[in-house]
Amino acid sequence: MKKNVLRLTIILLLVALCVMQFSACGDEVSAPNQPGNEPTGGDNDTETSVSALAFALNQDGQSYTVTGLSDKTVTKLTILATYQGLPATSIGWGAFYGCVGLTSITIQNSVMSIREQAFSGCTSLTSIQYNGTKEQWETIFKWDNWSSDTGNFVVHCSDGDIAKTNA
């Protein structure tokens, strides 16, 4: 009997976590091509600002989370500081999961958290350009496994570099 209650409790907790994780899906939008949201160009159209990104309005109604990338062939990516006039403050769970061709990303200092597995499986990622200081980078709340299964990369900050290696 105790085992059944424990199993039921675990299942209910997992269901609750799933519901909380995906509750913002109704607010998810793709970025339209509008001034400030168009692709930046680049080599072979593989660089983008936000045209291929998906966003979800956060519960506070005052900021956005980057939730995904529709074009998995993108190699260079820039997350702008704002989307639809509001700050982009976080990178969501698994947002770039499996983007094996992603080699570099630029993250603005408006980002305050990076969720689990945001860059998991991005095996070609070698460079993160962070538009802030090393101290600011270190204060970003990074969930466990935010960069699991990536290659080695360097975070380039305005005042120096931070290397991340998988040893």
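Right, let's walk through the structure included here.

Definitions and cut-offs
Residues numbered from 1 in each chain as written. Predicted model: local features only at pLDDT ≥ 70, side-chain atom pairs only at ≥ 80, totals over all residues. Heavy atoms only, no water. Helix = DSSP H or I, 4+ residues; strand = E, 2+ residues; numbered from the N terminus. Contact = heavy atoms within 4.5 Å. Areas by Shrake-Rupley, 256 points an atom, 1.4 Å probe, with all protein chains shown as cover. Buried < 20%, exposed > 50% of the residue type's maximum accessible area, 1.4 Å probe, protein only. Pairing = 2+ DSSP bridges. Polar contact = N/O pair within 3.5 Å; in protein donor to acceptor, adjacent residues only side chain to side chain. Disulfide = S-S within 2.5 Å. Core = buried A, V, L, I, M, F, W, Y, C linked by side-chain atoms within 4.5 Å. Phe/Tyr/Trp six-rings, centres within 6.5 Å; stacked < 30°, edge-to-face > 60°. Lys NZ or Arg CZ within 6 Å of the ring centre and 35° of its normal. Salt bridge = Lys/Arg side-chain N within 4 Å of Asp/Glu carboxyl O.

With that settled, the discussion passes to the overall build of the chain. Scanning the chain for helices and strands turns up two helices and 13 strands. Within the chain, counting contacts between residues at least 6 apart in sequence, those at least 24 apart form 56% of the total. Of the roughly 9300 Å² of accessible surface on the chain, a fraction of 57% belongs to carbon and sulfur atoms.

Counted residue by residue, strand E8 (residues 104-108) has five buried out of five residues, so it is predominantly covered. Here E8 shows a buried face lined by Ser104, Thr106 and Gln108 and a second buried face lined by Ile105 and Ile107. Two strands pair when backbone bridges link them, and strand E5 (residues 76-79) and E8 are joined in this way by four bridges, in the parallel orientation. Across the sheet, residue Thr78 finds its bridge partner in E8, namely Thr106. The pairing of E8 with strand E10 (residues 127-131) spans five bridges and is parallel. Among the inter-strand pairings, Ile105 is bridged to a residue of E10, identified as Ile128.

A separate point is the side chain of Gln108. With respect to the element layout, Gln108 can be found in strand E8. Among the residues examined, Gln108 registers a relative accessible area of 14% and is labelled buried. For Gln108, the side chain forms a polar contact with the main-chain oxygen of Ile79, separated by 3.2 Å. At 2.9 Å, the side chain of Gln108 and the side chain of Asn131 are in polar contact.

This part is about the state of the cysteines. Per the stated rule, a full pass over the model turns up zero disulfides. Between Cys122, a cysteine without a disulfide, and Cys99, which holds the nearest cysteine sulfur, the sulfur-to-sulfur distance is 5.1 Å.

This part is about the pairing of strand E3 (residues 53-57). Most of E3 is tucked away: four of the five residues are buried. Sheet topology places E3 next to strand E4 (residues 64-69); five bridges connect them, and they run antiparallel. Residue pairing in the sheet places Ala54 in a bridge with Gly68 of E4. Taken together, E3 and the strand that follows it, E4, pair antiparallel across an intervening segment of six residues, in which Gly61 is found at a positive phi of about 70 degrees.

Counting 33 residues, the largest nonpolar core has Ile91, Phe96, Phe119 and Trp137 as the members making the most contacts within it. Put simply, the parts of the chain that give this core at least two residues each are E3, E4, E5, strand E7 (86-91), E8, E10 and strand E12 (153-157). Not counting residues within four places of it along the chain, the set of residues in contact with Phe119 comprises Ile91, Phe96, Ile105, Ile107, Ile114, Leu125, Trp146, Ser147, Ser148 and Thr150.

All chains considered together, the criterion is met by nine aromatic pairs. The interplanar angle of 65 degrees and the centroid separation of 5.3 Å between the aromatic rings of Tyr130 and Trp137 together place this pair among those described as edge-to-face. On the accessibility criterion, Tyr130 (2% relative accessible area) is buried. With relative accessibility at 3%, the residue Trp137 sits in the buried group. By way of ring pairs, the aromatic residues Phe96, Phe119, Tyr130, Trp137, Trp146 and Phe153 are connected into one cluster. We note Arg115 situated over the ring of Trp143; from NZ or CZ to the ring centre the distance is 4.1 Å.

Moving on: the pattern of salt bridges. Side chains carrying opposite charge are able to pair once their charged atoms draw close together. In total, this model carries one salt bridge according to the counting rule given. Arg115 is the partner of Glu116 in a salt bridge, and the nearest nitrogen-oxygen pair spans 3.1 Å. The class of Arg115 is partly exposed, set by a relative accessible area of 22%.

Limitation: the analysis is restricted to geometry and does not speak to function.
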